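Structural overview
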Amino acid sequence: MWNNDSRLYKSGILHLVYPVIILVIFFSGFYSFGILALVGLLGISVTGLYYSYAFKRNELLIYPIAASIFLGSSLSLFEGNVIPLTPFQVTLVIGLLVFFASRLFRAETYVRYNGLFIPVVLFLAIISFSLIYSPDKLNGFLQLIRFIVLILFCHFTSIVVKSKNVIRTTLALVVVVSITLSIYSVVENIMNPQAAVQNLLNAGTKLTRSTAGAFSDPNRFASILILPIATTFALLNSDKKIQIRIIAGLAFLLLIAGLLSTYSRSGFLAVFLLSFVIILWFNNVRFFLLFMIAGLLIGMSVPVIRLNIITYSERIFSLFVGGLDNSNSIRLMLGIGAINMFIDSYTFGVGFQGFNEVFPRYFNYQETITVQEPHNIIYTILAELGLLGFLIFSIIVYFIFKKALVNTRNAKSEDDRIYAVVFLASILGYFVFYQFYDGGLLDTSLMMIFGLIFAHHNILSERKN
């Protein structure tokens, strides 16, 4: 079909470009804002051409979405909106429209299922039922819609990505974007003396200066670094060419610096676990120890970085020995409140997104310094959806981990081994991260990783057959 309509396709592109060029000349020549109009219209033209080509090659649709996720899905395009419009929402909607239009044009009706259809539908049914008695029905409904969209995005990723080249390019894009944000964050939050002191005093509760205007929450920024850190560290420990490993090592150090600038203990624990998994997978303990010792010596030789490492170590240590600073004591009260909620309504829970409303029955806002958001995905599911919801949730988690483990066993080439361990280590890191933080069900980067795991599984299965 494409061969027969190639002239028509190219003609359509030209008809798209010509009016844009005319408008650019018109605006740039007769109005004072010509430069802005020139840039804007050129951007529209390039975007139109890109998606016109993506109409033919649907795999290209994943790149803008991946970039928007790691640039900061919390970045609102229009300030003051009741419903914030984010780059992720825009690129996802455009990607889905182009994808469905392309499939209709080709008359493709086949739908691939990844084996999670029934558990996911049951989980969504439990959430929907819980909204009947949830104390925060409106917010619960909105978050349910958002969760459904993310599930569709996960499935969309698993369908669109059909080759290892796309996985490689997606990971490379994610690493480049994350390094850029990490450098910005280090300059703004560590190298700036005033900001560094204030961030130390804040003890990781917030960043004095946000990262590229997109991540004012340090833990949220730390979470998006999990996948790129896993990617660079896996390359560093692999059997790839020495040039690639050197570049990966430098990128890894920059990303670790970005992680340190967040002062996020949960992010550090997640990275520690995923690094341990990757080391075991590549059986490269000696190299890792030498690399870490060298990095530690370099870090301790720089006064600003040395101060951050010491402070970071103290905060990590206090998390395990029971030091009751504000952060630890609040987490303890949130956990106790969740257990009480589960005991009082263990069958069906208090309702989806009802944790915040029910928690003040057990602890008042003064005791938790106005914090009432849950900081652990396991006790959140138990408290809000009860035993039945937790059972279905556990089945879904088990299935995803099993899929990732199967990929590690089926991977034969070095590239496949890298992708498999990166995805497995990343979801393990996220699992640890969301034992200390809220929002695991609505994490866009985590949903993309799930989609890539399924896509990689499909690729390995087709080659095996």
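Please read these numbers as outputs of a predicted model, since none were measured by experiment. (Residues numbered from 1 in each chain as written. Predicted model: local features only at pLDDT ≥ 70, side-chain atom pairs only at ≥ 80, totals over all residues. Heavy atoms only, no water.)

**Describing the environment of Phe129**
Mapping Phe129 onto the fold places it in helix H5 (residues 117–130). The spatial distance from the C-alpha of Phe129 to the C-alpha of Phe352 is 9.0 Å, given a sequence separation of 223 residues. (Helix = DSSP H or I, 4+ residues; strand = E, 2+ residues; numbered from the N terminus.)

**A short note on the environment of Arg168**
Within the secondary structure layout, Arg168 lies in helix H7 (residues 164–189). Exposure remark for Arg168: the relative accessible area of 37% places this residue in the partly exposed category. Along the primary structure Arg168 and Tyr419 are separated by 251 residues, whereas in three dimensions their C-alpha atoms are 8.2 Å apart. Apart from the residues within four sequence positions on either side, Arg168 is in contact with Asp415 and Tyr419. A polar atom in the side chain of Arg168 sits 3.3 Å from the side chain of Tyr419. (Buried < 20%, exposed > 50% of the residue type's maximum accessible area, 1.4 Å probe, protein only. Contact = heavy atoms within 4.5 Å. Polar contact = N/O pair within 3.5 Å; in protein donor to acceptor, adjacent residues only side chain to side chain.)

**A closer look at the pattern of salt bridges**
For side chains of opposite charge, pairing can occur when their charged atoms come near one another. Inspection of every chain in the model, using the stated rule, returns 6 salt bridges. Here Arg168 ties to Asp415 by a salt bridge, and the two come within 3.2 Å at their closest N and O atoms. Of this pair, Arg168 sits in helix H7 while Asp415 sits in helix H18 (residues 414–433), and the two are 247 residues apart along the sequence. (Salt bridge = Lys/Arg side-chain N within 4 Å of Asp/Glu carboxyl O.)

**Side note on the nonpolar core**
Taken as a class, soluble globular proteins show a tendency for nonpolar side chains to be buried jointly. Phe123, Phe153, Phe423 and Ile427 are the most contacted members of the largest nonpolar core, which totals 94 residues. Excluding anything up to four places from it in sequence, Phe153 contacts Ile62, Ile65, Ile69, Phe88, Leu92, Thr444, Met447 and Met448. The next biggest cluster of nonpolar side chains, apart from the first, holds 12 residues, and it includes Ile330, Met341, Val358 and Phe359. (Core = buried A, V, L, I, M, F, W, Y, C linked by side-chain atoms within 4.5 Å.)

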